[in-house]
Amino acid sequence: MSEEIDESSDEKLPAVELPKAEWDSAMLNLAQSQFLSAAQKMGLDENIRDRLLFPQRTMIVSFPCRMDEYSEVETVFGYRVQHVLTMGPTKGGIRYHEDVNLGEVAALAMWMTWKCALMHLPFGGAKGGVRVDPRQMSRPELQRLTRRYTMEISSMIGPDKDIPAPDMGTNAQTMAWIMDTYSQQHGYAIPEVVTGKPVVLGGSHGREEATGRGLVYLIRESAEHLGIELNKATAVVQGYGNVGRHAAHFLHELGVSIVGISDVSCGLHNSNGLNLQNVDAWLEQNGTLQGYIEADEINNQELLELECDILAPCALQNQITETNAPYIKCKILAEGANGPTSLEADGMLTERGIFVLPDVLGNAGGVTVSYFEWVQNTQEFSWTLEEVNDRLHKILVNAFHRTLVRSQRDGIDMRTAALIEGISRVAEAKLLRGVFP
Ligand code: GLU
């Protein structure tokens, strides 16, 4: 494998025939196309390239979930995918969403591999998911669902094997139920089987807000690089869940004016800056952003096309596409979500000079503090919040500058540079381990 960049290979992707498989989907297609483009630019060994295109292990389960109405039992589908087992245990969140499918989980697992390798964490990528709408379910239903799903995938997970964490639609409580179910099966407490747990069960200080905090550490580096003064800057944050809400608050603390936010119900715009305390109080009372009066209500497209310095998509995948990419008006696109930008849009943003903090870098704060949590658990030791944040900052800033230097040196965009940073580490490890038997 060569580290040289092939300048002539910019346009067309290699004619790799992708066998159609069970996990075939638009999202895996995006992850694979990004990977192939990076692989071509770095001149990746073809054997390794083909090996990394597909997940190493996948599990599909279907199981009954008893609803609160005692006579009602629903059959639900769940997944766990491990993309690369070369680097150490596999790591990645569990997503509850009504559209979850094997292809989506496989794509997310692949991104986890590059993310962990880019951060130099000793993990391969994994992801899990259950196809349900958690917002329609009661707490007892969610608990039963989580316990049964954990039991179904319990042969695949474990502190030295595969360590789940929260993702969209799951949280610290979900992790507590997984930890409890897994521990019950073994007869003693095994907190290190999941990360993102409540602190009292061995969770790490700072894990809950780590993805949003990490994104803002990286926005700070990007702004410095671009000469943008954050205390005069404006930001739009799409998604007001765990990532978006914390990112908005940390940006606000740095003096950034938050001119737009959104959740599943609507978008809000206030060109003078939203008062986040009032927004949070409204959310607490009403459950969604809709109806908040100190802002204009706008739709998702209008939100993404607002004039701002920083646009942070922190919700779903596939939000910035060839349709709206020409109208995106930010200077920094800070990807808190996984896969928010399509391949076509990526090229258009680069051409328009928008600085992209790609997902595998932008949202890596979460898994980095997950790693800290796992390390603290295995050593039965607890770090302070300052220690966690300090270490997180060092790791992210280091990854940012490695990516930036590679991007400038080789004349490639930040996403390709970040992917090459990750892929080359995995490829080197694969070559060193060799082929068995
Ligand atoms: N679900 C998060 C992600 O996409 C965190 C995964 C983890 O902490 O293991 O990066």
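Here we summarise the structure given alongside this text. (Residues numbered from 1 in each chain as written. Predicted model: local features only at pLDDT ≥ 70, side-chain atom pairs only at ≥ 80, totals over all residues. Heavy atoms only, no water.)

### Some details on the packing of aromatic side chains
Tallied over the full model, the rule gives 10 aromatic pairs. An angle of 80 degrees between the planes, with centres 5.8 Å apart, marks the rings of Phe123 and Tyr371 as edge-to-face. Residue Phe123 is found in the loop between α3 (102-118) and β4 (124-130), and its partner Tyr371 is found in helix α12 (residues 365-379); the two are separated by 248 residues along the sequence. Classification of Phe123 by relative accessible area gives buried; the value is 0%. Relative to Tyr292, the ring of Trp282 has its centre 6.3 Å away and its plane inclined at 70 degrees; by these criteria the two rings are edge-to-face. (Phe/Tyr/Trp six-rings, centres within 6.5 Å; stacked < 30°, edge-to-face > 60°. Helix = DSSP H or I, 4+ residues; strand = E, 2+ residues; numbered from the N terminus. Buried < 20%, exposed > 50% of the residue type's maximum accessible area, 1.4 Å probe, protein only.)

### Examining the site of the ligand
Of all residues adjacent to the ligand, which total 14 residues, the nearest are Lys91, Lys115, Lys127, Asp167 and Ser370. Lys127 places a polar side-chain atom, nitrogen or oxygen, 2.9 Å from an oxygen atom of the ligand. Within the side chain of Asp167, an N or O atom sits 2.8 Å from a nitrogen atom of the ligand. Protein chains bury 94% of the 300 Å² of accessible surface belonging to the ligand in isolation. Elements with a minimum of two residues in the shell around the ligand: β3 (90-96), α3, β5 (162-166) and α12. (Near = heavy atom within 4 Å. Polar contact = N/O pair within 3.5 Å; in protein donor to acceptor, adjacent residues only side chain to side chain. Areas by Shrake-Rupley, 256 points an atom, 1.4 Å probe, with all protein chains shown as cover.)

### Concerning the pattern of salt bridges
Going through the model one piece at a time under the given rule, you end up with 21 salt bridges. Between Glu152 and Arg148 there is a salt bridge; the shortest N-O distance is 2.8 Å. With Glu152 and Arg148 both in helix α4 (residues 139-153), this residue pair falls 4 residues apart, about one helical turn. Between Lys232 and Glu229 there is a salt bridge, and its shortest N-O distance comes to 3.1 Å. What makes Glu229 partly exposed here is its relative accessible area of 47%. Three or more residues joined by partner-sharing salt bridges are found here, namely Arg95, Glu104, Lys127 and Asp167. (Salt bridge = Lys/Arg side-chain N within 4 Å of Asp/Glu carboxyl O.)

### Section: the packing of helix α1 (residues 26-42) against α3
α3 packs onto α1 with a crossing angle of 30 degrees between their chain directions and a minimal axis gap of 7 Å. Relative to α3, α1 is oriented roughly parallel. Side by side, α1 and α3 meet where Met27, Leu28, Leu30, Ala31, Gln32, Gln34 and Phe35 of the first sit next to Gly103, Glu104, Ala106, Ala107, Leu108, Met110, Trp111 and Trp114 of the second. Tallied by class, residues from the contact of α1 with α3 come to 11 nonpolar, 3 polar and 1 charged. (Axes fitted to C-alpha atoms, helices over the stretch in contact; angles between N-to-C directions. Parallel < 35°, antiparallel > 145°, perpendicular 65-115°, else oblique. Contact = heavy atoms within 4.5 Å. Nonpolar A, V, L, I, M, F, W, Y, C, P; charged D, E, K, R; others polar.)

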